[in-house]
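Breakdown of the fold
If you want the building blocks of each chain, they are given just below.
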Amino acid sequence: MTTTGTPVREPQGWRGVAAENRDDLPENVSLLLRTRSRRLLGDLLRPHKKAIALLVAIILVSNAAGLAIPYLVKVGIDSGIPPMLRGQGSGSLLTVVAVILTAALVQAFTRQVFLKLSGKIGQGILLELRRRVFDHFQRLSLSFHERYTSGRVISRLTSDVEAIAELLQSGFDSIVTAVLTLVGTAVLLIVLDVHLGLVALIPLPVLLLFTRWFRRESSLVYRRTREAVALVIVHFVESMTGIRAVQAFRREPRNQEIFEELNENYRLANRQSMRLVALFMPGVKLIGNVTVAAVLLYGGWLAFQDEVTVGVLAAFLLYLRQFYEPMQEISQFYNTLQSAGAALEKLSGVLEEEPEVAEPAQPVPLPRVAGEVRFEGVEFSYVKEMPILPRLDLVVPAGQTVAVVGATGAGKTTLAKLIARFYDPTAGRVLLDGVNLRDLDEEALRRAVVMVTQENFLFSGTVADNIRFGRPGASMAEVVAAAEAIGAHEFISGLPEGYETEVGKRGGRMSAGQRQLVAFARAFLADPAVLILDEATSSLDVPSERLVQRALRTILADRTALIIAHRLSTVEIAERVLVMEAGRIVEDGPPALLVAGSGRYAGLHRAWLESLA
Amino acid sequence: MFSASLWRLKSYLRPYAPRLVLIWLATIAGIAAGIAIPLVGREIIDGPIAHRDAGALLPLGLLALGLGVTEAFLTFVRRWSQTGPVLGLETAIRDDLYRHLQRLPMSFHNEWQSGQLLSRATTDLSAIRRFFGFGLLFLVMNILQLITVTVVLLQMYWPLGLLVAASSVPIVLVSLRFERRYIRISRLVQDQQGDLATLVEESALGIRTIRAFGRRRHVYDSYDGSATKVYDTSMDKVRLSSRFFTFLEVIPNVTLALVLLLGALAVGGGSLTLGTLVAFTTLMLSLVWPIASLGYILAMGQEAMTAADRVMEALDTEPGITGGAGGIDVPRGHLRFEGAGFRFPGAERPVLHDVWLDVRPGETVAVVGATGSGKTTLTALVPRLLDVTSGRVTIDGHDVRDLPLTELRSVVATAFEEPTLFSMSVRENLMLGRGDASEEEMEAAIEVAQAGFVHDLPWGLDTRIGEQGLSLSGGQRQRLALARAVLSKPRILVLDDTLSALDVETEALVEEALRQVLAEATGVVVAHRASTVLLADKVALLRDGTITHVGRHQDLLAEVPEYRELLAQDADLDQEGVLR
């Protein structure tokens, strides 16, 4: 999947212009996609091979028993009634009735087993699919997530998985039953009476052509519906998550206008889809009813000539009923199948994404980490022509605290992300204690290197749970100690239930500063050899920042640290300062020395002192 | 069967009353035609065939054909006319739901996740649409067909008719019992899927945190636990419905066997003709589908009822914050907090209490306070994103609660610390608060916020940004949010720590430009840094939920130790020897 493409201008001007939607692919790729989806499907079905074989056997028995019943009615009428009329007793009638009862019970029993077994297989596949996709998303690199966006990740794991669930739960059952009924009935009609059977089956090609037309049309309509609903959903969700801005800026009327336009568009798409069904279903009914009339006429004439029995005629009428009923389900099934197919395509696409930051095949063990970080000829670029880091060599000895300063876009965060291996360098190597980061397994790397950023995500759960995220096994005492160390204990104790307070909707009720303190405590609890702080104190007020800095002095004493900050107050605790500009290190030295000089840092420092006034 | 919520939705169908009558007429006539066809079959067997009367065969056959075509046509009429009311209902409810949700206050949106609201606007409304478009009609049709056919059967030969009628008793009883259990288990599955979705959401939004701490396995385990729970409950549901659906199919088949037995005996005894027996069995079999689908339709109805309850729950929530009737002719922007206080519902301690503050027109006040002291809550009280729980806030002497909301919010504009951008063009994002802004005004606002980078985007101001478009850095987003607030030219401009993600140089440029904007408007600036405080004419110190000091920056610095501690960082750090 490529991210570049021709710009698509939307009919709705307010949406603006963006690169081509990655979810919609040109036709020539769709063949590849189908193979890919089929591979995934095969992969998911394989463990259930035996159960599926059993399922096929059961459903054959079940349908045979079901189809036999009208035939048995015919036998009952033709060979059960005449002996009674002749006064020869009801023996054969009783036998036929007993057989019908048996068939009904066999059908019921097998049907129940079928429903249970197919449900079990379906749910098993779903569970496996959920696990696989979730795990894969977690393995994919951050650059993938930045491209793909969280919204897509969420819809893959919710609506797409549900589309497949829908197919497995109802669609599968109905299509198998429908097809078997169709084929079984056709065969039986021919066997019962060739002439009448052929007359009854004449409309079949018409029916098939009609169904094909319907399938084509409905796939077009389906696409339109899907696009329309996607726009409704995006606009809805964004209005609700951004309701504060919506209300503060009186955006409601314009939003309502946009929403009603999108909703109307969705209605029109749905109307087209419903009208299509409104043509299809009566069409099937028409074909069925005409056939019944033809069978009555022709069959009546044949019976009149004594060429068929009344029983055969009765059986025909019964079978033709069964023949056309399942067509109802087929029209439903197409939609289910299409959405499941589209979902499968997207899911298989995700599963085929290779993590750009891959785990090594043979990881190098790293038993004790000293924390020396070394960049050797490192280059990095998101796009080839625009290098973020042109070429960088840097050694940070174990235990050193380094501050990185520079304007926005100078490459500070990229430097940090390379140490945390959120990305791999485009060229050169990043080494921890002399080992290439690419050769470390994830566990070992994350134990050694932890990065705290500006965005402090809090998971649902208690404050303690969130701190413990840094080290899941930590005791309550250790959690409290970590919070105390960075000065978060006081505010946490002041919360309604202290450490056991639920943080709520993404930490909603805590201020940005409080969330940052919790994130800090989490990082300290993790106790890494290398700690990276990327603008980690930007939301703190001065006293909290001071507390954190005081804590940092003790905490950073025996570990390597890289501190990125706009405010030079944070930088002051560093032993060494790197000034970056356009991806290069332009100044490097102890802060006192740099301040005294006449370089960029001295200038920045002066400007900062003035801003404090 | 009908829950009150579902019943209340009927008002949405009122405009379609004539069409609904047509639909029902077509439905009933269609059923009649459908039932008549097997009766024609009986006439053919008992008439022309039994009496060797070839002449009657053709007219009867043509009658069957006519009835068949009529039935198909009536089905078409029903389905085609249905689309209008059914989709009209769904679309109108969705529009109303959206309108209502936009009116509900922040306190509501803080409690409800947007995913929960979305499922009401999509999944639930679809369930309601499916029920009204398909389920309800089939339910009534099936019951109607059941009753009519049973009556016809009773008339044909009452002992067999009675047998068929009796066979429906166990079905109804089991259906009712099944329904109750099915609802319970369906809700459980829904809830568990909701939990699963929350985990998915967190794993996607918190991916950096998960990655930074290497907690992939930890997160996977909790997801796996929840997914397995969904699996277990779904299996219970499968087992339950497999038993029920099988039961629904076995009863008609057993009945058919008994009908054949007793019918054949009756034919033998001469009390029943052969044609009647054939028609009887055909009609009986025509009942299998309506009966078997009954469970499915009932489940659908159940789903629609739950859905209607959930939709109504949102629609019934009273918007706690509604506009007043008063008005200000020419707002000057005199903002006063008069003993204002705020307490979250159910919270023990108020976030704010006894806040007194007077900001004269054109004046700018900086609000300074420690983390969690209630600064953001204070600013939210002015445009009534939250309402005071005690005291009041006034603008030019009017209580903000007496002003129409649109008027109030055109007087006040806020730039938030965490800016919200929508998946729309840059232009549309900027014009959020003022749809009629001219290009010049837009340029000026961009200039003030130092947001000139928007011109370098691939399609300039037409570039789509936000989740579905180009992603921007935190600093860029903040500058856009600032430009948005400036563009709406408010009398009162609120800046809630809007500059925190900017680097020092950009911040200085923005502050310089902001000075001019603030000279013309009343300003409330939440500040952490001395540099931002200097934008203001005076400073209010917020402590423990109330304003303890108001004064000039230099005076407070000299006189108030807490203030010094909050803002004079370098001096203190030196004393403590943190700097070397």
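Scoring rules and cut-offs
- Going along each chain's sequence as written, the residues are numbered from 1 onward.
- As a convention, the first chain written is A and the first ligand written is 1, with the rest following in written order.
- Where totals are concerned, whole chains, interfaces and linings use all residues; where local detail is concerned, this predicted model gives features only for residues with pLDDT of at least 70, and gives and counts side-chain atom pairs only at 80 or more.
- In this text, helices come from DSSP runs of H or I with a minimum length of four residues, and strands from runs of E with a minimum of two, each type numbered from the N-terminal end.
- We compute the radius of gyration over the C-alpha atoms and compare it with the globule rule, which gives 2.2 Å times the number of residues raised to the power 0.38.
- Counting other C-beta atoms within 10 Å of a residue's own tells you its class, since 20 or more makes it buried, 12 or fewer makes it exposed, and anything in between is partly exposed; those C-beta atoms are placed from the backbone.
- Note on contacts: each residue gets a C-beta atom placed from the backbone, and two residues are in contact if those atoms are within 7 Å.
- Strand pairing is assigned whenever DSSP detects at least two bridges linking the two strands.
- With strands facing away from the observer, any crossover in which the path from the first strand over the helix to the second runs clockwise is taken as right-handed.
- Annotation comment: domain bounds sourced from an automatic or database domain assignment.
- Linking buried Ala, Val, Leu, Ile, Met, Phe, Trp, Tyr and Cys residues through C-beta atoms within 7 Å yields a set, and such a set is a nonpolar core.
- Expected span, for any helix, means 1.5 Å times one less than how many residues it has.
- Note on geometry: axes are lines fitted to C-alpha atoms, helical ones only across the stretch in contact, with angles between N-to-C directions running from 0 to 180 degrees.
- By definition, pLDDT measures how confident the predictor is in each residue, and it falls between 0 and 100.
- Oblique is the label for any angle not under 35 degrees, not over 145, and not in the 65 to 115 range, which are roughly parallel, roughly antiparallel and roughly perpendicular in turn.
- Take the far helix as the reference: if the near one is turned anticlockwise from it by less than a right angle, the crossing is left-handed, and if turned clockwise, right-handed.
- Each residue receives one of three labels: charged for Asp, Glu, Lys and Arg, nonpolar for Ala, Val, Leu, Ile, Met, Phe, Trp, Tyr, Cys and Pro, and polar for the others, Gly being one of them.

1. A short note on the overall build of chain B
Across its full length, chain B holds 20 helices and 10 strands. The C-alpha atoms of chain B give 36 Å as radius of gyration, which overshoots the globular expectation for 580 residues (25 Å, by more than 25%). Taken along the three principal axes of its C-alpha coordinates, chain B extends 120 × 50 × 50 Å. The buried share of chain B, taken over its 580 residues, is 48%. Across chain B, the fraction of contacts at a sequence separation of at least 24, relative to all contacts at a separation of at least 6, is 77%.

2. Remarks on the overall build of chain A
Helix and strand content of chain A: 21 helices and 12 strands. Burial analysis of chain A (613 residues in total) assigns 46% to the buried set. Taking the contacts inside chain A whose residues are at least 6 apart along the sequence as the reference set, 76% of them involve residues at least 24 apart.

3. Some words on the pairing of strand E9 (residues 530-534) of chain A
Residue and element names in this part refer to chain A. Of all five residues in E9, five are buried; the element is thus mostly enclosed. Every second residue of E9 is oriented toward a common face, with Val 530, Ile 532 and Asp 534 on one face and Leu 531 and Leu 533 on the other, all of them buried. Two elements, strand E8 (residues 449-452) and E9, share four bridges in a ladder whose sense is parallel. By the bridge assignment for E9, Val 452 is matched with Leu 533. Across five bridges, the pairing between E9 and strand E10 (residues 560-564) is parallel. Among the inter-strand pairings, Leu 531 is bridged to a residue of E10, identified as Ala 561. Read as a crossover between parallel neighbours, the route from E9 over helix H18 (residues 542-555) to E10 is right-handed.

4. Describing the domain arrangement of chain A
Parsing chain A into structural domains produces domain 1 (30-352) and domain 2 (373-612). Summarising the inter-unit geometry, the C-alpha centres of domain 1 of chain A and domain 2 of chain A are found 56 Å apart.

5. Some remarks on the nonpolar core
Counting residues in hydrophobic clusters, the biggest one holds 223 residues, and the most contacted among them are Ile100(A), Val295(A), Phe316(A), Ala366(B), Val367(B), Val368(B) and Ala483(B). If one sorts the elements of this core by residue count, helix H9 (residues 252-304) of chain A sits on top with 18 residues. Here Val368(B) is in contact with Ala527(B), Val533(B), Val539(B), Leu541(B), Leu542(B), Tyr563(B), Leu566(B) and Leu567(B), once residues within four sequence places are set aside. The next biggest cluster of nonpolar side chains, apart from the first, holds 117 residues, and it includes Ile164(A), Ile388(A), Val548(A) and Val571(A).

6. Some remarks on helix H9 (residues 274-285) of chain B
An α-helical segment advances 3.6 residues per turn. Residues three or four places apart therefore align on the same side. Residues and elements named next belong to chain B. For H9, spanning 12 residues, the distance from its first C-alpha to its last is 17 Å, which sits close to the expected 16 Å at 1.5 Å a residue. The element H9 is extensively covered by neighbouring structure, given that 12 of its 12 residues are classed as buried. Within H9, burial applies to Leu 274, Gly 275, Thr 276, Leu 277, Val 278, Ala 279, Phe 280, Thr 281, Thr 282, Leu 283, Met 284 and Leu 285.

7. Things to note about the domain arrangement of chain B
Entries for chain B in the domain assignment read domain 1 (4-316) and domain 2 (335-420 + 492-570). Placing the centre of domain 1 of chain B and that of domain 2 of chain B at their C-alpha centroids yields a distance of 58 Å.

8. Here we look at the sheet that holds strand E4 (residues 386-396) of chain A
Residues and elements named next belong to chain A. Here we have four strands laid out as an open sheet, ordered E4-E3-E6-E7, and antiparallel in their pairing. In the strand order of this sheet, the two ends are held by E4 and strand E7 (435-436), each with one partner. Here helix H12 (residues 412-419) sits on the sheet and contacts strand E3 (373-383), E4 and strand E6 (427-432); the angle it forms with E3, its principal contact strand, is near 120 degrees.

9. Here we look at the pairing of strand E4 (residues 390-395) of chain B
Walk down a regular strand and you will see the side chains alternate between the two sheet faces. Residue and element names in this part refer to chain B. Pairing between strand E1 (residues 335-342) and E4: five bridges, direction antiparallel. When the bridges of E4 are listed, Gly 341 appears paired with Ser 390. Between E4 and strand E5 (residues 398-399), which pair antiparallel in sequence order, lie two residues; one of them, Asp 396, sits at a positive phi of approximately 50 degrees.

10. Quick look at the confidence of the model for chain A
On average, residues of chain A score 83 in pLDDT, and 93% of them are at 70 or above. Contacts from residues 20-25 of chain A, a stretch scored under 50 in pLDDT, to residues over four places away or in other chains number nine contacts.

11. Here's the deal with the interface of chain B and chain A
Contact residues are listed per partner, giving 151 residues for chain B and 147 residues for chain A. Looking at which element gives the most residues to the side of chain B that touches chain A, the answer is helix H8 (residues 216-269) of chain B, with 29 residues.

12. Examining H9(A)
For H9(A), with 53 residues, the first-to-last C-alpha span of 75 Å sits near the 78 Å given by 1.5 Å per residue. Of the residues flanking the end of H9(A), it is Asp306(A), one or two places downstream, whose phi is positive at about 60 degrees.

13. Topic: the environment of Leu97(B)
All names here are of chain B. Positionally, Leu 97 belongs in helix H3 (residues 54-103). Leu 97 sits 65 residues away from Ala 32 along the chain, and the two C-alpha atoms are 40 Å apart. Apart from the residues lying within four places of it in its own chain, the contact partners of Leu 97 are Arg 120, Ala 121, Val 311, Ala 314 and Leu 315.

14. Focus: unusual backbone geometry
Although it is not a glycine, Arg250(A) adopts a positive phi angle of roughly 50 degrees. As for its placement among the helices and strands, Arg250(A) is situated in the loop between helix H8 (243-248) and H9. Positive phi outside glycine occurs at Asp396(B), with the angle close to 50 degrees. For Asp396(B), the position within the fold is in the loop between E4 and E5. In this structure Asp396(B) comes out as partly exposed when scored by C-beta crowding, with 17 C-beta atoms within 10 Å.

15. Some words on the sheet that holds E8(A)
All names here are of chain A. If you walk across this open sheet you meet the six strands as E8-E9-E10-E5-E11-E12, and the pairing is mixed. In this open sheet, the two edge strands, each paired with only one partner strand, are E8 and strand E12 (584-589). Direction aside, the axes of adjacent strands within the sheet are offset by 20 degrees on average. Contacting E8 and E9, helix H17 (residues 512-526) crosses the sheet at an angle of about 175 degrees to E8.

16. Description of the environment of Leu118(B)
Within the element layout of this structure, Leu118(B) appears in helix H5 (residues 114-156). Note on Leu118(B): 17 C-beta atoms within 10 Å, which makes it partly exposed. Each C-alpha atom, one on Leu118(B) and one on His218(B), is 29 Å from the other, the two residues being 100 residues apart in sequence. Not counting chain neighbours up to four residues away, the residues in contact with Leu118(B) comprise Ile233(A), Phe236(A) and Val237(A).

17. Details of the packing of helix H7 (residues 203-241) of chain A against H9(A)
Residues and elements named next belong to chain A. As a packed pair, H7 and H9 sit with axes 9 Å apart at the nearest point and diverge in direction by 165 degrees. Viewed along their axes, H7 and H9 adopt a mutual orientation that is roughly antiparallel. The interaxial crossing formed by H7 with H9 has left-handed handedness. Among the residues making up the contact of H7 with H9, the classes are represented as 20 nonpolar, 12 polar and two charged.

18. Brief notes about the confidence of the model for chain B
Residues and elements named next belong to chain B. In this model, chain B carries an average pLDDT of 85, and 97% of its residues clear a pLDDT of 70 or more. In the model, residues 570-580 has pLDDT below 50 throughout and makes nine contacts with residues more than four positions away in sequence or in other chains. With a pTM of 0.79, the predicted complex shows an ipTM of 0.84.

19. Re the packing of helix H2 (residues 17-51) of chain B against H5(B)
Residue and element names in this part refer to chain B. Where H2 meets H5, the closest approach of the two axes is 10 Å, and the angle between their N-to-C directions is 40 degrees. Classified by the angle between their axes, H2 and H5 sit oblique to one another. Note that H2 runs across H5; the crossing there is right-handed. Contacts between H2 and H5 involve Thr 27, Ile 31 and Ile 35 on the former and, on the latter, Leu 137, Met 141, Leu 144, Gln 145, Thr 148, Val 149 and Val 152. Of the residues contributing to the contact of H2 with H5, the split by class is seven nonpolar, three polar and no charged.

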